[in-house]
Amino acid sequence: MTGVLDARDRDEAIRTLAAGPLDVLVIGGGITGAGAALDAASRGLRVGLVESRDLAAGTSSRSSKLIHGGLRYLEQGDFKLVREALRERDLLVSRLAPHLVRPVPFLYPLYKKVVERPYVGAGLVIYDAMEGVKRPVPHHRHLTTRGALRRAPALRPERLAGAMMYYDAQVDDARYTVTVARTAARYGATVVTRATATSLLRDGSRVTGASVLDEESGRVFEVRAARVIVCAGVWSDLVHEASGVRAGYQVRMSKGVHLVMPRSAIDADTGMIVRTSKSVLFFIPWDTRWIVGTTDTDWSGDRAEPAATAEDVDYILGEANRVLARPLTRDDVLAVYAGLRPLIAGPAGDKGGESRAGDKDGEKPTTKLSREHVVDAPLPGLVSVAGGKFTTYRLMARDVVDVATADLPGQVPGSVTELLSLLGADGLPAVRASARRIAGDYGVPAAVAVHLIGRYGSLATEVLDLIRADRTLGQPLLGGFAYLRAEVAYAVTHEGALHVEDVLARRVRLLIESPDAGTSAAPEVVAIMAGLLGWNRRRRAIELRRYQDFADANAAALTAVGPVPEVESVAPIPA
Ligand SMILES: Cc1cc2nc3c(=O)[nH]c(=O)nc-3n(C[C@H](O)[C@H](O)[C@H](O)COP(=O)(O)OP(=O)(O)OC[C@H]3O[C@@H](n4cnc5c(N)ncnc54)[C@H](O)[C@@H]3O)c2cc1C
C-alpha cells in the first residue's frame, strides 16, 4: 500500500478487482469518486474504483480551479453551502492539502459609489465570518480607486469607485484528483482507469457489483461488491438507465467555458471578480497565464468533450472588455476549455440523502440551480451521489459512504478524512524550507526543486529520484515551461497515466497552457512513455495521432470566425 498508481501494474489491479469480493466498488474517477474511494478505504473497507477514461477526465479537470465558498451563492441565500464550502476550503489550505490548495486574492471592483460598497462589504463580512475560528486565508479589505488601480492597472478607470479585496483558494483540479486517488490507493483501494462499468450485477433486486469493460483490451470482467457507489457526474443518468435503475434524481448538464490567456494580456497582480448580467466573471491568475470565465448554459450534447462555441468565447471577451482598459481580442486567447456541471434537477427524492432540488428545477436557468449534492439509494446495494462542488467533495464522499455502509454487517467506523492529509502534505514546511539543500543533494538547480515541491509537495523527491537515475529526465519538457521530462515518466510510474492525453491534458496542463495545445511536446511524451510502456513504432504513431486529434477538437472554438462584440460601457452591473 504505497500510494503509487503505476500504469505498468494495471493488469494486476484488474486481477485484484476481478478476484473480489469488495466491500465497495466506486464507479467514476472524478473528484467525487476519488474522494469516495479514499473515504471508504480509510475506514478499513476493501475498495475498488473504475474510471471510464482517465482520473479527472470529466468535469474534474475543467473547473475554474477555485476552492471557494462562492460569493454569489451567498447572494442567492445559500448560506449552508457557503459555510460548508468555506470550512472545507480552510481545512484543505491548512491541513489536508497545503501543497496543492493555495490562497489567492481577488479584487472586486466597485462602480456604484454609494450603494455598492456597503452591499458588497456586508457580504464579505458574512463570508469572512463563516470561516472557522482559525483563519488560514487573510480577511477582506477595502481599497480606494487609486489602490485598486495599483493592484490592477488593467481596469478602466472611468466610473471605478474603489474595490474590495478578499481571499479564496485555488488548485490544479486534475492534479488534486489524482492525488486523492493515490491517497486512496495508499489506504488499500485498487484504482483502474480506462475501465467502464457497463451494467450492474444483480441478485434479485440487490445490486452485487458491476460488469466492467476494459477499454484497453476490450475484455469484460465482473467485480463483486457488497456496495456499489455511483459517482459518475454528468454520466449518472446513463449509468442508472443502463441497468434499468430509477434513481431519485436526475442530472442537468450546465456547460461552463473558460479562456486561457498570457499574463501579459491583463495587467494585474491579483485575481479579479466582476459581475455580469447573468452571473460573475473570474479573472484567475494561473502561473504564467490567466484563466477567464465562465459561462453557464444548458447542454445536451456530447458529455465527454463538450464543445465551446464562438458565441461562448465572444461572451467572455465581451464581459471582460466592459471593465478592461485594453480590450481583449481573440488573438489574446491561447486556449479554450469547456466543462459540464452536474447539477441536480427534479425529480429528486430524499432517500437517505440531502436532496434540495424541487420538481420545478427542470425549468430554472442553470445559474439558479442548487450547487448542493444529493445522495440517493435507489436499490439495495446501490448508492449514487451527484451535484455539489469540487470544494465540497470530501463532504459528498463522507455522506455517500455513510449511506452505503449504514447496513453493512459489522461496525463500519465513521469518516476519518477530516484528519487525513493527502499524499505530499507530510512534512511540507520542512521540505519547503529545505528546497536548496534538496536541490544540492540531487544536483539540480534550486528552481527545479522549488518547481517540483510546488507541484508534488514532499513527494517531489520521488520525481527527483527519477532524475538521479536518468539525468536526461531533468531537462525541460517544452521550452518556455517549467515542466520537466521526469514529470512525464512520473505520470506513468506513479500517477497511472496510460496515454499522451493523460499526461498533457491532466498530469501537466500543456493542453490549456501552451498555444499549440501541447502538440509540440507530444513526440517527446510519446518517446518517454514508449520506453516505459513498451510501445512499438506503430503504437507510437497511433498515440501521436490520437493526441493530435484530441488537441484539434479542443481548439475548434477558437478557429470559428465572427466579430468580438464592441465595448460599450464600463461595468454597468445589474443589482
Ligand atoms: C465550468 C465549471 C467550473 C467549475 N468551477 C468550480 C470551482 O471553481 N470550484 C468548485 O468547487 N467547483 C467547481 N465546479 C464544479 C466541479 O468541477 C464539479 O462539481 C466536480 O468536478 C464534479 O466531479 P464529479 O467527480 O462528480 O464528476 P466528474 O469529474 O465528471 O467525474 C465523473 C467520472 O465518472 C466517469 N464515468 C462515467 N460513467 C462511467 C462508467 N460507466 N464507468 C466508469 N466511469 C464512469 C467519467 O469518465 C468521469 O471521469 C465547476 C464546474 C464547471 C463545469
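Visitor: Just give me the short version of the confidence of the model for the protein, but keep the residues and values in it.
Guide: For the protein, mean pLDDT is 90; residues scoring 70 or higher make up 91% of the total. Here residues 348–360 scores under 50 on pLDDT; set against residues more than four positions off or in separate chains, the count is 28 contacts.

Visitor: Give me the lowdown on the pattern of salt bridges, citing residues and values where you can.
Guide: According to the stated counting rule, one finds 39 salt bridges in the structure shown. For Arg43, the salt bridge identified is with Asp402, shortest N-O distance 2.9 Å. Pair noted here: Arg43 is in the loop between α2 (31–41) and β2 (47–51) and Asp402 is in helix α10 (residues 393–405), with a separation of 359 residues, a long-range link. By relative accessible area, which is 35% here, Asp402 ends up partly exposed. Between Asp549 and Arg545 there is a salt bridge, and its shortest N-O distance comes to 2.9 Å. Note that Asp549 and Arg545 are positioned in helix α19 (residues 537–559) at a spacing of four residues, about one turn of the helix. On the basis of relative accessibility, which here comes to 40%, the residue Asp549 falls in the partly exposed class.

Visitor: Describe the site of the ligand, and please don't skip the residues or the numbers.
Guide: Close contacts around the ligand come from 36 residues, with Thr32, Glu51, Ser60, Leu66 and Thr391 the closest. The separation between a nitrogen atom of the ligand and a polar main-chain atom of Ser52 is 3.0 Å. Taking 1000 Å² as the accessible area of the ligand by itself, protein coverage stands at 96%. Of all the secondary structure elements, the ones that give two or more residues to the shell around the ligand are α2, β2, β8 (195–203), β11 (250–262) and β16 (335–345).

Visitor: Mind laying out the packing of α2 against α10, listing which residues take part and the relevant values?
Guide: At a minimum axis separation of 8 Å, α2 and α10 run at an interaxial angle of 55°. Comparing the axis directions of α2 and α10 gives the class oblique. For the pair α2 and α10, the sense of crossing is right-handed. Side by side, α2 and α10 meet where Ile31, Thr32, Gly35, Ala36, Asp39 and Ala40 of the first sit next to Tyr393, Met396, Ala397, Arg398, Val400 and Val401 of the second. Its residues placed into classes, the contact of α2 with α10 shows eight nonpolar, two polar and two charged.

Visitor: Give me α2: which residues, what numbers.
Guide: Residues spaced three or four apart along an α-helix face the same direction, because each turn holds 3.6 residues. Counting buried positions along α2 yields 11 of 11 residues, so the element is predominantly enclosed. All of the buried residues along α2 are Ile31, Thr32, Gly33, Ala34, Gly35, Ala36, Ala37, Leu38, Asp39, Ala40 and Ala41. Taken together, the buried residues of α2 touch β1 (22–27), β2, α7 (173–186), β18 (382–387) and α10.

Visitor: Pulling in residues and values, what's your account of helix α16 (residues 500–507)?
Guide: With eight of eight residues buried, α16 is to be regarded as a mostly interior element. Along α16, the residues that are buried comprise Val500, Glu501, Asp502, Val503, Leu504, Ala505, Arg506 and Arg507.

Visitor: Before we move on, can you summarise the pairing of β8 with the specific residues and values?
Guide: As paired strands, β8 and strand β9 (residues 206–214) are joined by eight bridges and run antiparallel to one another. The partner of Leu201 across the bridge, within β9, is Gly209. Between β8 and β9, which pair antiparallel and follow one another directly, the connecting turn spans two residues, one of which, Gly204, has a positive phi of 65°.

Visitor: Go over the packing of helix α15 (residues 485–493) against helix α18 (residues 522–533) with me, naming the residues and quoting the values.
Guide: Orientation of α15 relative to α18, taken along the N-to-C sense of each, is 40°, at an axis distance of 9 Å. Relative to α18, the element α15 is oriented oblique. For the pair α15 and α18, the sense of crossing is right-handed. Along its contact with α15, which presents Arg485, Val488, Ala489, Val492 and Thr493, the element α18 presents Glu524, Val525, Ile528, Met529, Leu532 and Leu533. Here the contact of α15 with α18 is built from residues that sort into eight nonpolar, one polar and two charged.

Thresholds applied
Residues numbered from 1 in each chain as written. Predicted model: local features only at pLDDT ≥ 70, side-chain atom pairs only at ≥ 80, totals over all residues. Heavy atoms only, no water. pLDDT = per-residue confidence, 0-100. Contact = heavy atoms within 4.5 Å. Salt bridge = Lys/Arg side-chain N within 4 Å of Asp/Glu carboxyl O. Helix = DSSP H or I, 4+ residues; strand = E, 2+ residues; numbered from the N terminus. Buried < 20%, exposed > 50% of the residue type's maximum accessible area, 1.4 Å probe, protein only. Near = heavy atom within 4 Å. Polar contact = N/O pair within 3.5 Å; in protein donor to acceptor, adjacent residues only side chain to side chain. Areas by Shrake-Rupley, 256 points an atom, 1.4 Å probe, with all protein chains shown as cover. Axes fitted to C-alpha atoms, helices over the stretch in contact; angles between N-to-C directions. Parallel < 35°, antiparallel > 145°, perpendicular 65-115°, else oblique. Left-handed = near helix turned anticlockwise from the far one by under 90°. Nonpolar A, V, L, I, M, F, W, Y, C, P; charged D, E, K, R; others polar. Pairing = 2+ DSSP bridges.

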